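Understanding the architecture of this molecule
Listed here are the chains, written in short residue letters.
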Amino acid sequence: MGGLAALGAVHALAPAALTRPVLAVAEARGVDLAVSFGVAYATAAAIGALVGGTFAVVTRYLRKWGPLLLWAVVFFVSLAMLLLALSSSYGRGAGPALSGPILAASAVFAIVVSFSLPIRRRR
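Residues numbered from 1 in each chain as written. Predicted model: local features only at pLDDT ≥ 70, side-chain atom pairs only at ≥ 80, totals over all residues. Heavy atoms only, no water.

This paragraph deals with the packing of helix H1 (residues 2-13) against helix H2 (residues 15-29). Two numbers describe how H1 lies on H2: the axes approach to 5 Å, and their chain directions differ by 110 degrees. As the angle between them shows, H1 and H2 are arranged roughly perpendicular. Across the interface between the two elements, Leu7, Val10, His11, Ala12 and Leu13 from H1 touch Pro15, Leu18 and Thr19 from H2. The class makeup of the residues in the contact of H1 with H2 is six nonpolar, two polar and no charged. (Axes fitted to C-alpha atoms, helices over the stretch in contact; angles between N-to-C directions. Helix = DSSP H or I, 4+ residues; strand = E, 2+ residues; numbered from the N terminus. Parallel < 35°, antiparallel > 145°, perpendicular 65-115°, else oblique. Contact = heavy atoms within 4.5 Å. Nonpolar A, V, L, I, M, F, W, Y, C, P; charged D, E, K, R; others polar.)

Written out as structure tokens, the structure reads:
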């Protein structure tokens, strides 16, 4: 759910900046824009599940929700800042229109991922 929430946050905060590349892919592939967004959200959900699962394995010894939430927000926002800096240094980068929404989306992802603690306790 974290990947869906993160892409939804970017889509809500910068709809025009996100729609342009998705529309370009939809036109290149000859599919409807809704199908292209569906694939984007499904991909975000799959990648979010992988990253969230890995994060849950790494933080399996954190037993309280507050410290897990704090660590998740610090970790994922810092990781997003690092990836944004690297992408602008070594590639085209996300651009100023998407940088803020991506950082907000990483915080949303961290909040959703921190809710894995109750799921881990039931096992």
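From this point, the discussion proceeds with the structure in view.
For the α-helix, the turn length of 3.6 residues means that residues three or four positions removed from each other point alike. Between the first and last C-alpha of H1 there are 16 Å, a value that for twelve residues agrees with the 16 Å anticipated at 1.5 Å per step. Of all the positions in H1, only Gly2, Gly3, Ala6, Leu7, Ala9 and Val10 are classed as buried. Along H1, the residues classed as buried sweep out an arc of 150 degrees about the axis, all on the same side. Looking at the packing, one finds that the buried side of H1 touches H2, helix H3 (33-58) and helix H5 (96-114). (Expected span 1.5 Å × (residues − 1). Buried < 20%, exposed > 50% of the residue type's maximum accessible area, 1.4 Å probe, protein only. Arc of directions from axis to C-beta.)

Quick look at the environment of Gly48 now. Summarising the element assignment, Gly48 is placed in helix H3. The spacing of Gly48 and Met1 is 47 residues in sequence and 7.2 Å in space, taken between C-alpha atoms. Among all residues touching Gly48, those that are not within four sequence positions of it are Gly3 and Phe109.

Before going further, it helps to spend a moment on the environment of Val10. Among the structural elements, Val10 can be located in helix H1. C-alpha separation for the pair Val10 and Gly48, spaced 38 residues apart in sequence, amounts to 14 Å. Not counting the four nearest positions on each side in its chain, Val10 is found in contact with Pro15, Leu18, Leu98, Pro101, Ile102 and Ala105.

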